[in-house]
Amino acid sequence: MEMRALGRTGLRVSALGLGCMGMSEFYKGADEAESVATLHQALDLGVTFLDTADMYGPWTNEELVGRAIRGRRREVVLATKFGNVRGEDGAFLGVNGRPDYVKACCDASLRRLGVDVIDLYYQHRVDRTVPIEETVGAMADLVAAGKVRFLGLSEASPATLRRAHAVHPIAALQTEYSLWTRDPEAEILPACRELGVTFVAYSPLGRGFLTARFKRPEDLPEGDYRRNAPRFQGENFGRNLALVAEVERLAAARGVGAGQLALAWVLAQGEDIVPIPGTTKRAHLAQNVAALDLRLTPEDLAGLEAILPMGAAAGLRYPEATLRHVNG
């Protein structure tokens, strides 16, 4: 497995991580036994950078990951997150970055995961009502207490990243990044590179759209989160489908799947970028891992740039209400 540095920590992680969210929520069709088998296969293949969060489930995804890695903890670089508050009924209750909440969340995550220390602890969304210095100060206390090794932010703006980094070194910034979500290239990636922060790319396959698996909105199961995502709706779906068909054409010329080409593109954007595609099935995991062997030529990169330059995708990446909590 190719390895990549995690910030300036000295720790190296698998060049491809595994997002575990869909194993518990949002994407329909997950099976717990298959999810655990997928996690085990990931470790066997060297995909040891695992990403979860307390809100997934809510709370049940950390328990699932914890059960799956029991007996194999030393193989894993384990990342989880706090900050998105949910009720017992799953309702979203806002974002909380208060120091007391940070520390309570960490203790709860440690219990659910069944581990003594979290390798990478992210603030999932920035609480705009709490100075980032206070939140990161509390996270730094967790490092001092031996409960957390390294700190990360998710969906934070460059200005917030710089302020946070001045309080305690930030190892990683996680944000959506793919062929159809290239916004970070403008300011966020340069800020990460300035500070020596690894960029962790979530949804590098465009929530599955870039795999060319979905040909019509009805292909998404009932109750699937993506049915409410702007890029999967109405005219946007058709326009994006046409773009993916072009990606599929280039992929076929290389003898690979559209998703593998899209993932290889993210990997090729820099060794300081670690994509964490999510999957719930071993077959899809194997396809993703195969993207590591695909080396893109200048012609490949130019062809993809022509199809999907920055801003080419139709529709917002989140509903407008959700977008209020990104790039905080």
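Per chain, residues are indexed from 1 in the order of the written sequence. Reporting of local features is limited, given that this is a predicted model, to residues whose pLDDT is at least 70; pairs of side-chain atoms are given and counted only at 80 or more, and all residues count toward the totals for whole chains, interfaces and linings. As a convention, hydrogens and water are excluded, and side-chain values are obtained from all of the structure's heavy atoms.

## Description of the overall build of the protein chain
Secondary structure elements are defined from DSSP: runs of H or I of at least 4 residues count as helices, runs of E of at least 2 residues count as strands, and each element is numbered from the N terminus. Per the secondary structure count, the protein chain includes 11 helices and 12 strands. In this setup the radius of gyration rests on C-alpha atoms only. A globule is expected at 2.2 Å times the number of residues raised to 0.38. Scaling as 2.2 N^0.38, a compact globule of 328 residues should have a C-alpha radius of gyration of about 20 Å, and the protein chain matches this with 19 Å. Dimensions of the protein chain, computed from the C-alpha atoms along their principal axes, are close to 55 × 40 × 40 Å. Relative accessibility decides the category of a residue: with a 1.4 Å probe and only protein chains considered, values under 20% of the type maximum give buried, values over 50% give exposed, and everything between is partly exposed. For the protein chain, the residues scored as buried account for 55% of the 328 residues in total. Put simply, the protein chain shows about 13,300 Å² of open surface, and 51% of that area lies on carbon and sulfur atoms. Neither His nor the chain termini are counted; the positive set is Lys and Arg, and the negative set is Asp and Glu. The location of each charge is read from NZ of Lys, CZ of Arg, CG of Asp or CD of Glu. Side chains of the protein chain carry 38 positive and 41 negative charges; the gap between the two charge centres is 1 Å. For the area figures, the Shrake-Rupley method with a 1.4 Å probe applies, and any residue is considered shielded solely by the protein chains shown.

## Considering the pattern of salt bridges
Every case where a carboxyl oxygen of Asp or Glu lies within 4 Å of a side-chain nitrogen of Lys or Arg is listed as a salt bridge. For the coordinates displayed, the defined rule picks out 27 salt bridges. Among the salt bridges present, the one from Lys 81 reaches Asp 51, with a minimum N-O distance of 2.6 Å. Residue Lys 81 is located in strand S5 (residues 77-82), and its partner Asp 51 is located in strand S4 (residues 49-51); the two are separated by 30 residues in the primary sequence. Assessed through its relative accessible area of 0%, Lys 81 is described here as buried. Across the pair Glu 194 and Arg 162 runs a salt bridge, and its minimum N-O distance is 2.7 Å. Note that Glu 194 is positioned in helix H6 (residues 188-195) and Arg 162 in helix H5 (residues 158-167), a separation of 32 residues in sequence. With a relative accessible area of 48%, Glu 194 lands in the partly exposed category.

## Things to note about the packing of aromatic side chains
Paired rings are identified among Phe, Tyr and Trp, the last through its six-membered ring, by centres lying within 6.5 Å, and are further divided according to the angle between planes into stacked (under 30 degrees), edge-to-face (over 60) and tilted (the rest). As enumerated under the stated definition, the model contains 8 aromatic pairs in all. Between Phe 82 and Tyr 121, the aromatic rings sit 5.1 Å apart at their centres with planes inclined by 35°, giving tilted as the arrangement. Remark: Tyr 121 occurs in strand S8 (residues 118-123) and Phe 82 occurs in strand S5; sequence separation between them is 39 residues. Just as Phe 82 is buried, Tyr 121 falls in that class too. Between the aromatic rings of Tyr 177 and Phe 199, the centroid separation amounts to 5.6 Å while the plane-to-plane angle is 85°, which identifies the pairing as edge-to-face. One end of the pair, Tyr 177, is in the loop between strand S10 (170-176) and H6; the other, Phe 199, is in strand S11 (residues 198-202), and 22 residues separate them in sequence. Here Tyr 177 matches Phe 199 in class, with each residue buried.

## Some thoughts on the sheet that holds S8
Sheet strands line up and pair through hydrogen bonds in the backbone, either parallel or antiparallel. Taken in spatial order, the 8 strands of this open sheet run S3-S4-S5-S8-S9-S10-S11-S12, and their pairing is parallel. Because the sheet does not close on itself, it has two edges, and the strands there are strand S3 (18-19) and strand S12 (273-275). Strand pairing requires that DSSP identify at least two bridges connecting the strands. As defined by bridge partners, S4 adjoins S5 across 3 bridges and the pair is classed as parallel. When the bridges of S5 are listed, Asp 51 appears paired with Ala 79. Any two residues whose heavy atoms approach within 4.5 Å are treated as being in contact. Fitted lines through C-alpha atoms give the axes, limited to the stretch in contact for helices. The angle between two N-to-C directions lies from 0 to 180 degrees. Its contacts with the sheet put helix H4 (residues 132-144) on S5, S8, strand S9 (148-154) and S10, and the angle it makes with S9 is roughly 155°.

## Some thoughts on the state of the cysteines
When the sulfur atoms of two cysteines come within 2.5 Å, that pair is taken as a disulfide. Enumeration according to the criterion identifies 0 disulfides in this entry. Cysteine Cys 20 shares no disulfide, and the gap to the nearest cysteine sulfur, in Cys 106, comes to 18 Å. Since its relative accessible area comes to 0%, Cys 20 is described here as buried. Sulfur of Cys 106: no disulfide; nearest cysteine sulfur belongs to Cys 105 and is 8.8 Å away.

## With respect to the environment of Asn 288
Along the chain, the position of Asn 288 falls in helix H9 (residues 282-290). A sequence separation of 93 residues divides Asn 288 from Leu 195, and the C-alpha atoms of the two residues are 29 Å apart.

## Quick notes on unusual backbone geometry
For the peptide bond that leads from Gly 57 to Pro 58, omega is -5°, which places it in the cis range. Although it is not a glycine, Ser 203 adopts a positive phi angle of roughly 50°. By secondary structure assignment, the location of Ser 203 is in the loop between S11 and helix H7 (234-254). Located in the positive-phi region is Arg 207, a residue other than glycine, with phi close to 55°. For Arg 207, the position within the fold is in the loop between S11 and H7.

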